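Structural characterization, general
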Amino acid sequence: MATLHLKQIRKTYKNAAIETLKGIDIQIESGEFLILVGPSGCGKSTLMNTIAGLEDINAGAIEIDGVDVSQVAPKDRDIAMVFQSYALYPNMTVAGNIAFGLKIRKVPKAEIDAEVKRVAEMLQIEPLLNRKPAQLSGGQRQRVAMGRALARRPKLYLFDEPLSNLDAKLRVDMRHQIKRLHQQLNTTIVYVTHDQIEAMTLADRIAVMKDGELQQLGTPKEIYNQPENMFVAGFMGSPSMNFIRGTVTLDVQNRPILEVQDAAGKILPLPLPERMKDMLHQDIVMGLRPEHISDHLENGTPLFTTHALTMEVLEPTGPDIIGMIKVNDEDVACRLSPTFEGRAGEAATLYFDISKAVYFDAETEKRLDD
Ligand SMILES: Nc1ncnc2c1ncn2[C@@H]1O[C@H](COP(=O)(O)OP(=O)(O)OP(=O)(O)O)[C@@H](O)[C@H]1O
Ligand SMILES: [Mg+2]
């Protein structure tokens, strides 16, 4: 267990036109599971490689347990890393690969054997222990790479998309295993993933990056329910949050509303919270997740009922149906119950749980305070 403090990390690759990391500041607590997410190319692997010591930083500091390790050699940082492009020792068996880090540390053989067995069991690769990497599938190799890291007890684990090559079911199994492992060992983990569910279920906190900058750092709930800007709001969640644009106006009773149009050009007066009167005549964006637009009522929540709206597309997913309507000519996704009987092209009455909406300034794209 260790704390990891990233202080204003800056990184520009040689001959690169732009800075890849533009001052990343994250304080990771001892035993914390931090998940790093962001679009491809935003700098996640670069950040991981700088923590591991495989890439130099141009400015800032990396502190492990309060000690600046930015100039310490990778092997002396006591970090186990699983790379996005995992490389195994080709001439060693699976068992040899997993045991390697322990052998170097001169751990007694019986202890190594027990550890290899434990890790192999957890990763469901026991039958493969005597094979060489070339005799494995991509997903199996990835699990061996994971095993190699897990057989050690470093101060810090770095996982860069460790489950990306696994099939859906195995991926879920591994996710549970990783969660269990973290609960048992309580180690500090930094973990990169493109998988939303992985991020939401594993993380103590999620760091959302874009273009080498941190957009938001918070618990999964905070990231999901109180995104600081439209980028974060649109990035987490699938289907992503709907953005409904409009100008704040008042209805005949002097209450703030957002007047938007349905596919037929009919006005839909979405009610706004009282505080939106401060934004009268200004352009805002209402962010509403698909699960907050539905065909059925939730008990006790203040809902806004629409006139019937045309369902343009219906996509049954199993547990629910994703429906698409048009608002102001833009697609808006809603999550319907699996028993919804309407068909594409037909109109249906929908309930908007406006109390769950978040609001953004249309220009700055930042969330307006609650
Ligand atoms: N060795 C390098 N030299 C120059 N530029 C690099 C190097 N490695 C990465 N980059 C660039 O730095 C940026 C960040 O790359 P990085 O691999 O950190 O992205 P990432 O967030 O991990 O993306 P992905 O999700 O696709 O893995 C990219 O624009 C990439 O092209
Ligand atoms: Mg990467």
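As annotated in an unreviewed UniProt entry, the protein is sn-glycerol-3-phosphate import ATP-binding protein UgpC from Vibrio aerogenes CECT 7868.

Side note on the sheet that holds strand β6 (residues 79-82)
With respect to topology, 6 strands assemble into an open sheet ordered β6-β7-β8-β3-β9-β10, the strand pairing being mixed. Strands at the two margins of the open sheet, each flanked by one partner only, are β6 and β10 (213-218). Mean inter-strand twist for the sheet, computed between neighbouring axes without regard to direction, equals 15°. Taken together, the 4 bridges between strand β3 (residues 33-37) and strand β9 (residues 205-210) define a ladder with parallel strand orientation. What sits directly across from Leu34, in β9, is Arg205. Most of the contacts of helix α4 (residues 138-150) go to strand β7 (residues 156-160), to which it runs at about 170°, and overall it touches β6 and β7.

Some words on the packing of helix α2 (residues 94-104) against α4
In the contact formed by α2 and α4, the axes pass within 7 Å of each other and the chain directions differ by 30°. Relative to α4, the element α2 is oriented roughly parallel. Judged by the sense of rotation from one axis to the other, the crossing of α2 with α4 is right-handed. Residue-level inspection shows Val94, Asn97 and Ile98 of α2 in contact with α4, the latter providing Val144, Gly147 and Arg148.

Points about the site of ligand 1
Around ligand 1, a shell composed of 13 residues is seen, among which Ser40, Gly41, Lys44, Ser45 and Thr46 lie nearest. Between ligand 1 and the protein, one listed contact pairs an oxygen atom with a backbone N or O atom of Gly43 at 3.0 Å. Contact with the protein chains removes 59% of the 630 Å² of surface that ligand 1 exposes when unbound.

Considerations on the pairing of β7
With 5 of 5 residues buried, β7 lies mostly within the body of the structure. Because side chains alternate across β7, one face comprises the buried residues Leu156, Leu158 and Asp160, and the other comprises Tyr157 and Phe159, equally buried. Bridge analysis of β6 against β7 gives 4 bridges, and the strand direction is parallel. Bridge pairing in β7 places Ile79 opposite Leu156. As paired elements, β7 and strand β8 (residues 188-192) share 5 bridges and run parallel to each other. Each residue of the ladder has a partner; that of Leu156, found in β8, is Thr188. What joins β7 to β8 is helix α5 (residues 168-185), and the crossover it makes is right-handed.

Concerning the domain arrangement of the protein
Its domain assignment divides the protein into domain 1 (4-235) and domain 2 (242-361). Each partner contributes residues to the interface: domain 1 has 8 residues there, and domain 2 has 7 residues. Of all residues in domain 1, Tyr224, Met230 and Ala233 bury the most surface against domain 2, accounting for 76% of the area lost on that side. The interface formed by domain 1 and domain 2 includes 0 salt bridges. In this assembly, domain 1 and domain 2 are joined by 2 residue pairs in polar contact (both at pLDDT 80 or more). The set of elements that each furnish at least two residues to the side of domain 1 that touches domain 2 consists of α7 (220-225) and α8 (230-235). In terms of residue class, the side of domain 1 that touches domain 2 is built from 5 nonpolar, 3 polar and no charged.

Cut-offs applied
- What you see as residue numbers is a count from 1 along each chain, following the sequence as written.
- Chain A is the first chain written and ligand 1 is the first ligand written, with later ones labelled in order.
- It should be noted that, the model being predicted, local features are given only for residues of pLDDT at least 70 and side-chain atom pairs only at 80 or more, the latter also being counted only at that level, while totals for whole chains, interfaces and linings use all residues.
- With hydrogens and water stripped out, all remaining heavy atoms of the structure feed into the side-chain values.
- Paired strands are those between which DSSP finds at least two bridges.
- Strands are runs of DSSP state E lasting at least 2 residues, helices are runs of H or I lasting at least 4, and numbering of each runs from the N terminus.
- Geometry is summarised by axes, namely lines fitted to C-alpha atoms with helices restricted to the contacting stretch, and by angles between N-to-C directions that run from 0 to 180 degrees.
- Note on contacts: a residue pair is in contact if any heavy atoms of the two residues lie within 4.5 Å.
- In what follows, roughly perpendicular refers to angles from 65 to 115 degrees, roughly parallel to angles under 35, roughly antiparallel to angles over 145, and oblique to any angle outside these ranges.
- Here a crossing is taken to be left-handed if its near helix is turned anticlockwise relative to the far helix by less than a right angle, and right-handed if that turn runs clockwise.
- Only heavy atoms are used to decide nearness, and a residue is near a molecule or strand if one of them lies within 4 Å of it.
- Definition of a polar contact: a pair of N or O atoms within 3.5 Å, with one able to donate and the other able to accept a hydrogen when the atoms are protein atoms, and with sequence-neighbouring residues admitted only if both atoms are side-chain atoms.
- We get accessible surface area from the Shrake-Rupley algorithm with a probe of 1.4 Å; when it comes to residues, only the shown protein chains can shield them.
- Accessible area is worked out with a 1.4 Å probe on protein chains only. A residue is then buried under 20% of its type maximum, exposed over 50%, and partly exposed in between.
- Note on handedness: a clockwise path from strand one over the helix to strand two, with the strands aimed away from the viewer, defines a right-handed crossover.
- Here the limits of each domain have been adopted from an automatic or database domain assignment.
- Simply put, the buried area is the total loss of 1.4 Å probe accessible area from both parts when two parts are fitted together.
- Take a side-chain nitrogen of Lys or Arg and a carboxyl oxygen of Asp or Glu: if they are within 4 Å of each other, that pair is a salt bridge.
- Polarity classes work like this: nonpolar for Ala, Val, Leu, Ile, Met, Phe, Trp, Tyr, Cys and Pro, charged for Asp, Glu, Lys and Arg, and polar for all others, with Gly in that last group.

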